[in-house]
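Listed below are the residues making up each chain.
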Amino acid sequence: MAKLLEQAIARVRELPEEDQDALATALLTLAGDPTEVVHLDADTRAAVEEGLAQAQRGDFVSDEDVAQADARRRL
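Per chain, residue numbering runs from 1 following the sequence as it is written. The model is predicted, so local features are restricted to residues of pLDDT at least 70 and side-chain atom pairs to those at 80 or more, both for listing and for counting; the totals for chains, interfaces and linings are taken over all residues. Water and hydrogen atoms play no part in the side-chain values, which are based on all heavy atoms of the structure.

(A) Representation of the overall build of the protein within the structure. Helix and strand assignments follow DSSP, with helices taken as H or I runs no shorter than four residues and strands as E runs no shorter than two, numbered in order from the N terminus. Along the backbone of the protein there are 4 helices and 0 strands. In the protein, the succession of helices and strands from N to C terminus is α-α-α-α. Only C-alpha atoms enter the radius of gyration, while the globule expectation follows 2.2 Å times N to the 0.38, with N the number of residues. Over its C-alpha trace the protein gives a radius of gyration of 16 Å, far above what one expects of a compact globule, namely 11 Å for 75 residues. Here the C-alpha coordinates of the protein stretch approximately 40 × 35 × 20 Å along the principal axes. Per-residue burial for the protein yields a buried fraction of 3% across its 75 residues. Three labels apply to residues, based on accessible area from a 1.4 Å probe with only protein chains included: buried if under 20% of the type maximum, exposed if over 50%, partly exposed otherwise in between.

(B) How the structure looks around unusual backbone geometry. Phi at Arg74 is positive, roughly 55°, even though this residue is not glycine. Mapping Arg74 onto the fold places it in the segment after α4 (63-72).

(C) Just a nonpolar patch on the surface, in detail. In this scheme, patches are assembled from residues that exceed 30% relative accessible area and form no salt bridge. Like charges are connected within 9 Å, while nonpolar side chains (Val, Leu, Ile, Met, Phe, Trp, Tyr) are connected within 5 Å. Exposure was quantified through the Shrake-Rupley algorithm and a 1.4 Å probe, taking into account, for residues, occlusion by the shown protein chains and nothing else. Salt bridges are defined as contacts in which a side-chain nitrogen from Lys or Arg sits within 4 Å of a carboxyl oxygen from Asp or Glu. On the surface, a nonpolar cluster with roughly 350 Å² of combined accessible area is contributed by Val38, Leu40, Val48 and Leu52. Mapped onto the elements, Val48 comes out in helix α3 (residues 42-57). For Val48, a relative accessible area of 41% gives the class partly exposed.

(D) How the structure looks around the pattern of salt bridges. In this structure the tally under the stated criterion is 4 salt bridges. Here Glu50 ties to Arg57 by a salt bridge, and the two come within 3.4 Å at their closest N and O atoms. The salt bridge partner of Arg57 is Asp59, with a shortest N-O separation of 2.9 Å. Taking relative accessible area as the criterion, Arg57 reaches 49% and is therefore assigned partly exposed.

(E) Examining the side chain of Asp19 more closely. With respect to the secondary-structure elements, Asp19 resides in helix α2 (residues 17-30). The exposure class of Asp19 is buried, given its relative accessible area of 18%. Whenever a nitrogen or oxygen atom comes within 3.5 Å of another N or O atom, the pair is scored as a polar contact, on the condition that within protein one atom can donate a hydrogen and the other can accept it, and that pairs from neighbouring residues in sequence are kept only if both atoms are in side chains. Here Arg73 takes part through its side chain, which lies 3.2 Å from a polar atom of the side chain of Asp19.

(F) Here's a closer look at the confidence of the model for the protein. Looking at the protein, pLDDT values average 92 and 100% of them are 70 or higher. You can read pLDDT as the predictor saying how much it trusts each residue, on a scale of 0 to 100. In the model of the protein, α2 stands out as the element of lowest mean pLDDT, 91, in contrast to α3, which has the highest, 96.

Here it is, written out as structure tokens:
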């Protein structure tokens, strides 16, 4: 296994399980494996649609908020 991939996996192992699952799904998708379809409940769908609407309006979090989130995740 490539050294960089080993480093990435070691870092991911430190994350909460939910984050590990999200990253694993992304990696499998990039590697060409089919992923299962996720069916969203009404509340989740509404939250996603609101997020998309915010993005279309240009309402993004500040660089400071992103930096704080990165620091919490040690990124």
